[in-house]
Amino acid sequence: MNEMPLIIPTLREISVVKKEDIVCFAFEEKGWRMYTVDGKNAFLSNRANKNFLLSLYDHLIVVNKSLIFNIDYISSIENNSFSCTLKTDVYSGDVKFSKREYASFVRKSKVFEK
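Predicted model, so just to flag it, every value in this text is computed and none were measured. (Residues numbered from 1 in each chain as written. Predicted model: local features only at pLDDT ≥ 70, side-chain atom pairs only at ≥ 80, totals over all residues. Heavy atoms only, no water.)

S.K.: Can you help me understand the pattern of salt bridges in this one?
M.R.: Inspection of the entire model under this criterion finds two salt bridges. The partner of Lys 19 in a salt bridge is Glu 3, with the nearest N and O atoms 3.1 Å apart. Pair noted here: Lys 19 is in the loop between strand S2 (14–17) and strand S3 (22–28) and Glu 3 is in the segment before strand S1 (6–9), with a separation of 16 residues, a long-range link. Overall, Glu 3 belongs to the exposed group, its relative accessible area being 58%. Across the pair Glu 28 and Arg 33 runs a salt bridge whose closest N-O atoms are separated by 3.1 Å. (Salt bridge = Lys/Arg side-chain N within 4 Å of Asp/Glu carboxyl O. Helix = DSSP H or I, 4+ residues; strand = E, 2+ residues; numbered from the N terminus. Buried < 20%, exposed > 50% of the residue type's maximum accessible area, 1.4 Å probe, protein only.)

S.K.: What is the right way to look at a positive patch on the surface in this model?
M.R.: A surface patch of like charges, here positive, comprises Lys 50, Arg 100, Arg 107 and Lys 108. The element that contributes the greatest number of residues to the positive patch is helix H2 (residues 99–108), accounting for three residues. (Patch = residues over 30% accessible without salt bridge, like charges linked within 9 Å, V, L, I, M, F, W, Y side chains within 5 Å. Areas by Shrake-Rupley, 256 points an atom, 1.4 Å probe, with all protein chains shown as cover. Lys, Arg positive; Asp, Glu negative; His and termini not counted. Charge placed at Lys NZ, Arg CZ, Asp CG, Glu CD.)

S.K.: Would you explain the packing of aromatic side chains in this entry?
M.R.: The description of two aromatic rings rests on the distance between their centres and on the angle between their planes. All chains considered together, the criterion is met by six aromatic pairs. Pairing Phe 69 with Tyr 91 gives two aromatic rings, centres 5.9 Å apart and planes at 80°, and the pair type is edge-to-face. Of this pair, Phe 69 sits in strand S7 (residues 67–70) while Tyr 91 sits in the loop between strand S9 (84–86) and H2, and the two are 22 residues apart along the sequence. The same class applies to Phe 69 as to Tyr 91, namely buried. An aromatic cluster is built from Phe 82, Phe 97, Tyr 102 and Phe 105, whose rings are joined through pairwise contacts. The aromatic ring of Phe 43 is capped on one face by Arg 33, whose charged end is 4.0 Å from the ring centroid. (Phe/Tyr/Trp six-rings, centres within 6.5 Å; stacked < 30°, edge-to-face > 60°. Lys NZ or Arg CZ within 6 Å of the ring centre and 35° of its normal.)

S.K.: Whenever I open this one, a nonpolar patch on the surface confuses me. Can you help?
M.R.: On the surface, a nonpolar cluster with roughly 310 Å² of combined accessible area is contributed by Ile 7, Ile 14 and Val 16. Here Ile 14 falls in the exposed class, since its relative accessible area comes to 54%.

S.K.: Would you explain the pairing of S2 in this entry?
M.R.: The side chains of a regular strand alternate, first on one face of the sheet and then on the other. Residues Ser 15 and Val 17 point to one face of S2 and are all buried, whereas Ile 14 and Val 16, pointing to the other face, are not buried. In terms of strand pairing, S1 meets S2 through four bridges, oriented antiparallel. Bridging from a neighbouring strand, Ile 7 pairs with Val 16 of S2. Counting the residues that bridge the hairpin from S1 to S2 gives four residues. (Pairing = 2+ DSSP bridges.)

S.K.: Before we go on, may I ask you to explain the state of the cysteines in this structure?
M.R.: Structurally, a disulfide amounts to a covalent bond that connects the sulfur atoms of two cysteines. All chains considered together, the criterion is met by zero disulfides. Just so you know, Cys 24 is unpaired, no disulfide at all, and the nearest cysteine sulfur is the one on Cys 84, 11 Å from it. The class of Cys 24 is buried, set by a relative accessible area of 0%. (Disulfide = S-S within 2.5 Å.)

S.K.: Sorry if this is basic, but what is going on with the nonpolar core here?
M.R.: Considering soluble globular proteins, one finds that nonpolar side chains tend to be buried as a cluster. Of all hydrophobic cores here, the largest spans 19 residues; its most connected members are Leu 67, Phe 69, Tyr 91, Val 95 and Phe 97. Elements with a contribution of two residues or more to this core: S3, strand S6 (60–64), S7 and H2. In contact with Phe 97, other than residues within four places in its own chain, are Ile 61, Val 62, Val 63, Ile 77, Phe 82, Cys 84, Tyr 102 and Phe 105. By size, the runner-up hydrophobic cluster in this structure holds 15 residues, among which are Leu 6, Met 34, Ala 48 and Val 62. (Core = buried A, V, L, I, M, F, W, Y, C linked by side-chain atoms within 4.5 Å. Contact = heavy atoms within 4.5 Å.)

If you want it as structure tokens, here you go:
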């Protein structure tokens, strides 16, 4: 069964995107920017906020105050530094969990611990 794509208003147009094609949302000076698996990126409408973005797809997680990532594109998280290794090079910034968000992620996830 094919799911309906998302209709996401950006500053220049309305983007039609499959949920699973969203790699991340990064907060920059002017607002949230969406990065997709095909290498495209776009600034979102000024009305977009963290709660709205998280409601779009249940695979989206908060990494830190300026990054929301699709968990499907994170291949590993380093134990001590919380730095992430990604499955794609679409987003070139540093991807590192804040301590608070990492603890929240571990609590909500079924993470096997020693």
